Amino acid sequence: MIAETSKETNNMAVVEHEPITATESEQPVLRKIERILKHTGCEPRLIGPDGEAIPLPESLSSILHEIVSQLTHGNAVCVASIHEELTTQEAADILNVSRPYLIKLLEEGTIPFVKTGTHRRIRFSDLMEYKRYRDVERTQAINEIARISQESGLYD
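Notes on the structure in this doc start here. What you see is a predicted model; the values in this text were computed from it and never measured.

1. Looking at the sheet that holds strand E7 (residues 119-123)
Alright, step 1. Spatially, three strands are ordered E5-E7-E6 in an open sheet, and the strand pairing comes out antiparallel. With one partner strand each, in any of the chains shown, strand E5 (85-86) and strand E6 (114-116) form the two edges of the open sheet.
Alright, step 2. Running at roughly 70 degrees to E7, helix H5 (residues 124-151) makes contact with E5 and E7 of the sheet.

2. Digging into the pattern of salt bridges
Alright, step 1. In the structure shown here, the tally under the stated rule is eight salt bridges.
Alright, step 2. Notably, a salt bridge pairs Arg120 with Glu107, separated by 2.8 Å at the nearest N-O pair. Here Arg120, found in strand E7, pairs with Glu107, found in helix H4 (residues 99-108); they are 13 residues apart in sequence, far enough to count as distant.
Alright, step 3. With a shortest N-O distance of 3.8 Å, Asp135 and Arg134 are connected by a salt bridge.
Alright, step 4. We classify Asp135 as partly exposed; its relative accessible area is 29%.
Alright, step 5. One network of salt bridges, with partners in common, ties together Lys131, Arg134 and Asp135.

3. Topic: the nonpolar core
Alright, step 1. Judged by nonpolar contacts, the single largest core of 13 residues is most densely connected at Ala91, Leu95, Leu102, Ile111, Ile122 and Leu127.
Alright, step 2. For this core, the secondary structure elements donating two or more residues are helix H3 (88-95), H4 and H5.
Alright, step 3. Apart from the residues within four sequence positions on either side, Ile111 is in contact with Leu95, Leu102, Leu105, Leu106, Ile122, Leu127 and Tyr130.
Alright, step 4. If you look at the next biggest cluster of nonpolar residues, it comprises five residues, including Leu30, Val68, Leu71 and Val77.

4. Some thoughts on the packing of H3 against H4
Alright, step 1. Close contact between H3 and H4 brings their axes to 9 Å; oriented N to C, the two are set at 100 degrees. As the angle between them shows, H3 and H4 are arranged roughly perpendicular. Counted together, Thr88, Gln89, Ala91, Ala92 and Leu95 of H3 and Arg99, Leu102, Ile103 and Leu106 of H4 form the full contact between these two elements.
Alright, step 2. For the contact of H3 with H4, the per-class residue count stands at six nonpolar, two polar and one charged.

Thresholds, definitions, all that
Residues numbered from 1 in each chain as written. Predicted model: local features only at pLDDT ≥ 70, side-chain atom pairs only at ≥ 80, totals over all residues. Heavy atoms only, no water. Pairing = 2+ DSSP bridges. Helix = DSSP H or I, 4+ residues; strand = E, 2+ residues; numbered from the N terminus. Contact = heavy atoms within 4.5 Å. Axes fitted to C-alpha atoms, helices over the stretch in contact; angles between N-to-C directions. Salt bridge = Lys/Arg side-chain N within 4 Å of Asp/Glu carboxyl O. Buried < 20%, exposed > 50% of the residue type's maximum accessible area, 1.4 Å probe, protein only. Core = buried A, V, L, I, M, F, W, Y, C linked by side-chain atoms within 4.5 Å. Parallel < 35°, antiparallel > 145°, perpendicular 65-115°, else oblique. Nonpolar A, V, L, I, M, F, W, Y, C, P; charged D, E, K, R; others polar.

Written out as structure tokens, the structure reads:
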């Protein structure tokens, strides 16, 4: 069962769901679905009540694959919608940083934003672009630290 709550945020309703987990008895079916979704060139379809096969769009197929993978590995899944424009708190939550730190990034011009009255709004696509950039930078820094440590003989 999915428990729903709704709250108003900036005149937009946000629906929150309880995380969903798979039962042990569902695991064999999930593993079978996962194998099917992993096939290259596989075009998943939804079969309607009248037998009509409707191909799933890539966006939905991708989400389905991720959900099945997570459930198969015993993880809980929660699906939430994200608005095109985010508040500073929503953006900070996505990046897992404090709101003041996010505002600093905005004011430095690191992440583009628009002002609606006195409120800053961040486009989701701009936030994700920054997140990808940040993740690449982190990976490169970690690899450099590992390389230096290895050259220094710290991995003997």
